[in-house]
Amino acid sequence: GVVPFGVFVNFGAERDGMVHISQIAPWRIEDPADVVSPGQAVRVRLLDIRDDGKLQLTMKGLNPDIAPPADAGFSGKMPDEGGIYEGKVVSIRNFGAFVNFGFARDGLVHVSQMADYHVSDPEDVVSVGDKVKVLVQSVEPSGRIALTFKGDGLGVLEEV
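What follows concerns the packing of aromatic side chains. Going through the model one piece at a time under the given rule, you end up with five aromatic pairs. Aromatic side chains Phe5 and Phe8 sit 6.2 Å apart centroid to centroid with 90 degrees between the ring planes, which places their arrangement in the edge-to-face category. Taken together, a centroid distance of 6.1 Å and an interplanar angle of 90 degrees make the contact between Phe95 and Phe98 edge-to-face. Assessed through its relative accessible area of 35%, Phe95 is described here as partly exposed. In textbook terms, an aromatic cluster arises when at least three aromatic residues are bridged by ring pairs, as seen for Tyr85, Phe101 and Phe103.

Set out below in structure tokens:
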């Protein structure tokens, strides 16, 4: 079944496995029902069997027929390390801000990379929806993208 937080998949095991919303596709998904339908055949890979017996699955990269929506800002590729890009803050956590800048995954500006001074609360620097300019520090094999605001012309872009 399709639920707001993911998809339950019958893949021949004793119990259904769960694909969390973050594991459906490499781009941001607001509603799993926008991507998959009940009864739709999908490819999955087992990520983990939890202590309680629940099966954690992923669909990422396994279903080429599932394409991102045109307005997803998803190019399908990863950014270049050292590249400078413009994007938008899409969520804020206590450890930093996630920025969508048109690639396969949102990047993280860690709180330690937001300013040349100590920042204790990311919301002191950015708000959801802010347009920002970022430098890509690293792209890990796992797909994590580390960004920084430290540098000339980087950070929140001023509204004109």
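An order of E1-E2-E3-E5-E4 is seen for the five strands of this open sheet, with the pairing classed as mixed. Looking at strand neighbours, the two that pair on one side only are strand E1 (2–3) and strand E4 (45–49), the edges of this open sheet. Both E1 and strand E2 (residues 6–9) contribute to a ladder of two bridges, which runs antiparallel. Of the residues in E2, the one forming a bridge with Val3 is Gly6.

In terms of nonpolar packing, the biggest core is built from 19 residues, with Phe101 and Leu147 touching the most fellow members. Elements that contribute at least two residues to this core include exactly strand E6 (84–93), strand E7 (96–100), strand E9 (131–139) and strand E10 (145–148). Apart from residues lying up to four places away in sequence, Leu147 is in contact with Val99, Phe101, Gly107, Leu108, Val109, His110, Gln113, Val134, Leu135, Val136 and Gln137. Judged by nonpolar contacts, the second largest core, of 13 residues, contains Val7, Ile21, Ile24 and Ile66.

Right, let's talk about the pairing of E6 for a bit. Sheet topology note: the E6/E9 ladder contains five bridges and is antiparallel. Across the sheet, Glu86 pairs through a bridge with Lys133, a residue of E9. Across five bridges, the pairing between E6 and E7 is antiparallel. Bridging from a neighbouring strand, Ile92 pairs with Ala97 of E7. Counting the residues between successive antiparallel strands, the hairpin from E6 to E7 contains two residues.

What counts, and where the lines are drawn
- Residues numbered from 1 in each chain as written.
- Predicted model: local features only at pLDDT ≥ 70, side-chain atom pairs only at ≥ 80, totals over all residues.
- Heavy atoms only, no water.
- Phe/Tyr/Trp six-rings, centres within 6.5 Å; stacked < 30°, edge-to-face > 60°.
- Buried < 20%, exposed > 50% of the residue type's maximum accessible area, 1.4 Å probe, protein only.
- Pairing = 2+ DSSP bridges.
- Helix = DSSP H or I, 4+ residues; strand = E, 2+ residues; numbered from the N terminus.
- Core = buried A, V, L, I, M, F, W, Y, C linked by side-chain atoms within 4.5 Å.
- Contact = heavy atoms within 4.5 Å.

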